[in-house]
Amino acid sequence: LVEANIACLEGLRRTRPFNTICIAALHDKDDETVSFTVTSTGDENILLGYIDENTTLRQKQTVQDKTGGETVTVSVPTVRLQTLIKKAEYSYVDILFLDVEGSELQALRGLDWTVPIYVVVIELPEGPTIKPDEKQKNEACRQILIDQGYIFNKYCGCNEIWHLPTYRDGKPTL
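For every chain, the first residue of its written sequence is number 1, and the numbers climb from 1 along that sequence. Local features in this predicted model are restricted to residues of pLDDT 70 or higher, and side-chain atom pairs are both shown and tallied only at a pLDDT of 80 or more, whereas totals for entire chains, interfaces and linings draw on every residue. With hydrogens and water set aside, each side-chain value is computed from the structure's full complement of heavy atoms.

1. Description of the pattern of salt bridges
A pair can form between side chains of opposite charge whenever their charged atoms are brought close.
Working step 1: Every case where a carboxyl oxygen of Asp or Glu lies within 4 Å of a side-chain nitrogen of Lys or Arg is listed as a salt bridge. Scanning the entire structure with this criterion turns up 7 salt bridges.
Working step 2: Residue Lys-137 is joined to Glu-104 by a salt bridge in which the shortest nitrogen-to-oxygen separation is 3.0 Å. Within this pair, whereas Lys-137 is found in helix α5 (residues 132-147), its partner Glu-104 is found in helix α4 (residues 104-109), the two being separated by 33 residues in sequence. Residue Lys-137 shares its accessibility class with Glu-104, and that shared class is buried.
Working step 3: Of the charged contacts in the structure, one is a salt bridge between Arg-142 and Glu-160, with a shortest N-O distance of 2.5 Å. Here Arg-142 is found in helix α5, whereas its partner Glu-160 is found in strand β10 (residues 159-163), with 18 residues between them in sequence.
Working step 4: Here Glu-160 falls in the buried class, since its relative accessible area comes to 1%. Numbering goes from the N terminus for both helices and strands, where a helix is a DSSP run of H or I of at least four residues and a strand is a run of E of at least two. Only protein chains enter the area calculation, which uses a 1.4 Å probe; residues under 20% of their type maximum are buried, those over 50% are exposed, and those in between are partly exposed.

Here you go:
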């Protein structure tokens, strides 16, 4: 389990006691640092999004205005998904849930696809409020999955479910 918001660490340990938890951000490079906006609203700490050189002060302020909470910037190390798969010595992954607050493209680019991942559930929101650059990012994610042989299965909210045609036993995945 990879989580960028360290404020969630205790809750994750309590609710997922058998998971290995890595405080980092999935990316296409290891050992760099990225920053996120985190807002605190009462008992919750919510990771709101990746901050890059294009994020303006006004955008950061808007986040605080919408949530009503105290907003802070936190920095976390990056890790490639491939690095985690290799470290765990997995020969395959049954299902990957990818919800990384807009960094899905970087996460997919951090794979070398040598270990089969049979089902990918990826957050790729669509609709009239999606900005052109996010739409472009979503299309690039879909193209990576298609290039790796994945087949689109269905939408589930803002998530898309993709799968390889066959499972490791040769039977259909879905």
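2. So, the sheet that holds β10
Working step 1: A pair of strands is labelled paired if DSSP reports no fewer than 2 bridges between them. Strand order in the open sheet formed by 4 strands is β7-β8-β10-β9, with mixed pairing between adjacent strands. Two strands lie at the open edges of the sheet, namely β7 (93-98) and β9 (151-156), each paired on one side alone. Neighbour-to-neighbour, the strand axes of this sheet turn through a mean angle of 15°, independent of strand direction.
Working step 2: Relative to β10, strand β8 (residues 117-123) is paired through 5 bridges, and the arrangement is antiparallel. Directly across from Val-120, in β10, lies its bridge partner Trp-162. Helix axes use the C-alpha atoms of the stretch in contact, all axes being lines fitted to C-alpha atoms, and the angles between their N-to-C directions lie in the range 0 to 180 degrees.

3. Some words on unusual backbone geometry
Working step 1: If you check the backbone angles, Asp-31 has positive phi at about 60° while not being a glycine.
Working step 2: Along the chain, the position of Asp-31 falls in the loop between β3 (25-27) and β4 (33-41).
Working step 3: A positive phi angle is found at Glu-89, which is not glycine, with a value near 60°.
Working step 4: For Glu-89, the location among the structural elements is in the loop between α3 (81-87) and β7.

4. Quick notes on the confidence of the model for the chain
Working step 1: pLDDT is a per-residue confidence score from the predictor, ranging from 0 to 100. Summarising the model, the chain shows a mean pLDDT of 83, and 82% of its residues fall at 70 or more.
Working step 2: Element-level pLDDT for the chain is lowest in helix α2 (residues 57-67), with a mean of 47, against a maximum mean of 97 in β10.
Working step 3: Contacts between residues were defined by any pair of non-hydrogen atoms, one from each residue, lying within 4.5 Å. Counting contacts from residues 54-64, a segment whose pLDDT is below 50, to residues more than four positions away or on other chains yields 12 contacts.

5. Examining the nonpolar core
Working step 1: Definition of nonpolar core: a set of buried residues of the types Ala, Val, Leu, Ile, Met, Phe, Trp, Tyr and Cys, connected through side-chain atoms within 4.5 Å. Grouped together as the largest cluster of nonpolar side chains are 26 residues, with contacts concentrated most on Leu-108, Trp-113, Ile-117, Ile-122, Leu-145 and Tyr-150.
Working step 2: Broken down by secondary-structure element, the contributors of at least two residues to this core are α3, β7, α4, β8 and α5.
Working step 3: The greatest single-element share of this core, amounting to 4 residues, is contributed by β8.
Working step 4: Discounting chain neighbours no more than four positions away, the residues touching Trp-113 are Gln-82, Leu-108, Ile-144, Leu-145, Gln-148 and Tyr-150.

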